[in-house]
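# Structural overview
The residues making up each chain are set out below.
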Amino acid sequence: MKWIRPKDKLPPQGKKILYFKNGDIYVVQRFAEMWLPIPFYDSKYAFHDEPDLWCDIEPPENYTGKIFVKSAKTEDRHLMTIDEFQMYCPSEYEKLINSQKELWEKNIKK
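This report concerns the structure included in the present document. (Residues numbered from 1 in each chain as written. Predicted model: local features only at pLDDT ≥ 70, side-chain atom pairs only at ≥ 80, totals over all residues. Heavy atoms only, no water.)

### Quick notes on the pairing of strand β2 (residues 24–31)
Basically, it comes down to this: Should DSSP find at least two bridges between two strands, the strands are taken to pair. Each helix is a run of H or I in the DSSP string that is no shorter than four residues. Each strand is a run of E no shorter than two, and both are numbered from the N terminus.
As defined by bridge partners, strand β1 (residues 16–21) adjoins β2 across 6 bridges and the pair is classed as antiparallel. Directly across from Tyr19, in β2, lies its bridge partner Tyr26. If you look at the hairpin formed by β1 and β2, you'll find 2 residues sitting between the two strands, and Asn22 has a positive phi there, around 50 degrees. The hairpin turn running from β2 into strand β3 (residues 34–37), its antiparallel successor, is 2 residues long, and Ala32 in that turn takes a positive phi close to 55 degrees.

### What to know about the pairing of β3
Note: β2 against β3, 4 bridges, orientation antiparallel. Bridged to Val28 within β3 is Pro37.

### Describing the packing of aromatic side chains
Defined as follows: Note on aromatic contacts: the rings of Phe and Tyr and the six-membered ring of Trp form a pair at centre separations within 6.5 Å, being stacked when their planes are under 30 degrees apart, edge-to-face when over 60 apart, and tilted otherwise. Burial classes follow relative accessibility: with a 1.4 Å probe on protein chains only, a residue under 20% of its type's maximum area counts as buried, one over 50% as exposed, and anything between as partly exposed.
With the rule as written, the count across this model stands at 4 aromatic pairs. Where Trp3 meets Phe20, the ring centres are 5.7 Å apart and the plane angle is 65 degrees; that geometry is what we call edge-to-face. Taken together, the positions of Trp3 in the segment before β1 and Phe20 in strand β1 put the pair 17 residues apart, joining distant regions of the chain. Taken together, a centroid distance of 6.3 Å and an interplanar angle of 50 degrees make the contact between Tyr19 and Trp35 tilted. In this pair, Tyr19 sits in strand β1 while Trp35 sits in strand β3, placing the two residues 16 residues apart along the sequence. For Tyr19, a relative accessible area of 23% translates into the label partly exposed.

### Side note on the environment of Pro60
Which entries qualify depends on this criterion: Should any heavy atoms of two residues lie within 4.5 Å, those residues are considered in contact.
Along the chain, Pro60 falls in the loop between β3 and β4 (68–69). In this structure, the C-alpha to C-alpha distance between Pro60 and Ile4, residues 56 residues apart in sequence, is 11 Å. In this view, Pro60 contacts Trp3 and Phe20; residues no more than four positions away in its chain are not counted.

### Describing the sheet that holds β1
What counts, and what does not: To get an axis, fit a line to the C-alpha atoms, keeping to the stretch in contact for a helix; angles then go from 0 to 180 degrees between the N-to-C directions.
Pairing is antiparallel across the open sheet formed by 3 strands, whose spatial order is β1-β2-β3. The open sheet terminates on both sides in strands that have one partner only, identified here as β1 and β3. Adjacent strand axes in the sheet meet at a mean angle of 55 degrees, parallel and antiparallel pairs treated alike.

Written out as structure tokens, the structure is:
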């Protein structure tokens, strides 16, 4: 995977590309000077079905592409991946998942 600076080359307009900014990665399409994200999960156009295929994204050096969380209930409050959070803080993990499902349901009914 090769990361390209927009000043060096622009992607074709309307093509889905990976967009890296401030440590976050999105799927976007470029139209003129606008870099428009593919709908986020709280969009009425978003989906959450299992894909047919998926692919790891290789972010630039020093970035992981992972979300990290801290538990208010653990003593050291270290950063954990979501998988670690599920393993070590199952009740908090369930609350997180349920709140995301609730948000999803509210946006589906718009």
